[in-house]
Amino acid sequence: MSEPSAKKVRKAVVPVAGLGTRFLPATKAVPKEMLPLVDVPSIQIIVEECVAAGIEEVIFVTARGKSAIEDHFDRAPELEALLARRGKKEDLAAVRRLTELARFVSVRQGEPRGLGHAVLCARAAVGDEPFAVLLGDDLLDAEVPGIRQLIDLHARTGTGVVGLKEVPVGQEHLYGIIDGERTAPRELRVRKLIEKPAPGTAPSRLAIIGRYVLPPEIFEILETTPAGRGDEIQLTDGLETLCARKGLYGLEVEGQRFDVGDRAGYVLALVHYALRRDDIRVEVRAGLEKLLRS
Ligand code: UTP
């Protein structure tokens, strides 16, 4: 195991350059990350997790057709002036607050060559320091922000950390699965990462979810990682090398996880976040009960 790293995790890379094909036709013109959970786009929930975890700078890895994400966190002078004129103080505060959440940086991924390649595109923006990676597909509703839980383990171990969740029996083949040695109730030293193991062959049910804290060494590894499954540069392949060279920990993240990259997962997340809202909870609950009875 490496020496604990003294460097604070200040930056988060959020790849949003994927094509979002599972949500067509909605994602033909609207980025998947802008699909709302009630009135908040999922990307905002991700950014708020970063901010609550002490991240200062969010680096979006974007692509053509994704400018709505940058606009969402940018000033909107005309809209702000209109809301001010109409005395809509709450809306104005909500719109202004977005721009002040963090420092926002965008880098482009010219073509979707895989998650590993997307992370590599952020190399110059990250520099020589450990950083967080959050995927917008995984929303975590947790008391301690999900990425904060990983940052705390990284501070103790100095190594890279991947977020894990136990998946139901029979679903292992859909995920990257970890084999490792338990070091604490929710922590493992990773021995092996197996991307989408053939049914019945997985060594555990611990699946990698979209939360990582990585040392800057991952960039030189990704630089020489050949394209793998789907002819894409896979982050999991880079993590294998990182694990062998510098060690890697897995952390079973506490909190409720929603896979909003999946249609049913998105609907469940929408219902979950709606039921947490004081302004619409009663109406939504009553409506759901009626729907379920019909
Ligand atoms: P996914 O494969 O789940 O997202 O990648 P996708 O390609 O957008 O969606 P589908 O599968 O076609 O519906 C996981 C995350 O990695 C990003 C995506 O934006 C998503 O947040 N990603 C993936 C990139 O930024 N670049 C890539 O080349 C691939």
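Because the structure is a prediction, the values reported are computed rather than measured.

Chemist: How do you make sense of the pattern of salt bridges when you look at a structure like this?
Modeler: Where charged atoms from two side chains of opposite charge come close, those side chains can pair. Taken as a whole and judged by the stated rule, the model has 27 salt bridges. The residue Lys66 makes a salt bridge to Glu33 at a minimum N-O spacing of 2.9 Å. Of this pair, Lys66 sits in the loop between β4 (57-62) and α2 (67-72) while Glu33 sits in the loop between β1 (11-15) and β2 (36-37), and the two are 33 residues apart along the sequence. Comparing Lys66 with Glu33 shows no difference in burial state: the two are buried. Here Glu217 ties to Lys246 by a salt bridge, and the two come within 3.5 Å at their closest N and O atoms. With Glu217 in helix α8 (residues 217-223) and Lys246 in helix α9 (residues 235-246), this residue pair connects regions lying 29 residues apart in the sequence. Look at Glu217 and you get partly exposed, because its relative accessible area is 28%. A single network of salt bridges, built from pairs that share partners, joins Arg10, Lys11 and Glu129.

Chemist: When you look at unusual backbone geometry in this model, what are you seeing that I'm missing?
Modeler: Negative phi characterises most residues that are not glycine, and trans characterises most peptide bonds. That bond from Leu24 to Pro25 is cis: its omega, 5°, falls within 30 degrees of zero. Here Pro25 shows up in the loop between β1 and β2. Unusually for a residue other than glycine, Val38 sits at a positive phi of about 65°. In this structure, Val38 sits in the loop between β2 and β3 (40-41). Phi angles above zero are rare outside glycine, and Asp231 is one such case at about 60°. With respect to the secondary-structure elements, Asp231 resides in the loop between α8 and α9. Accessibility expressed as a relative area gives 65% for Asp231, which makes it exposed.

Chemist: Which parts of the structure should I look at to understand the site of the ligand?
Modeler: Residues in close proximity to the ligand total 17 residues, the closest being Gly18, Thr21, Arg22, Gln109 and Gly114. Here an oxygen atom of the ligand sits 3.0 Å away from a polar atom, N or O, in the main chain of Gly20. Within the contact set of the ligand, an oxygen atom lies 3.3 Å away from a backbone nitrogen or oxygen of Arg113. Coverage of the ligand by the protein amounts to 83% of the 560 Å² it exposes when considered alone. In this structure, the ligand is accommodated by the largest pocket. For the shell around the ligand, the residue count by class is seven nonpolar, five polar and five charged.

Conventions adopted
- Residues numbered from 1 in each chain as written.
- Predicted model: local features only at pLDDT ≥ 70, side-chain atom pairs only at ≥ 80, totals over all residues.
- Heavy atoms only, no water.
- Salt bridge = Lys/Arg side-chain N within 4 Å of Asp/Glu carboxyl O.
- Helix = DSSP H or I, 4+ residues; strand = E, 2+ residues; numbered from the N terminus.
- Buried < 20%, exposed > 50% of the residue type's maximum accessible area, 1.4 Å probe, protein only.
- Near = heavy atom within 4 Å.
- Polar contact = N/O pair within 3.5 Å; in protein donor to acceptor, adjacent residues only side chain to side chain.
- Areas by Shrake-Rupley, 256 points an atom, 1.4 Å probe, with all protein chains shown as cover.
- 1 Å grid on protein atoms, 1.4 Å probe; cavity = no way out; pocket = protein on both sides within 12 Å on 5 of 7 lines; lining within 4 Å.
- Sits in = over half its atoms within 2 Å of the grid points.
- Nonpolar A, V, L, I, M, F, W, Y, C, P; charged D, E, K, R; others polar.

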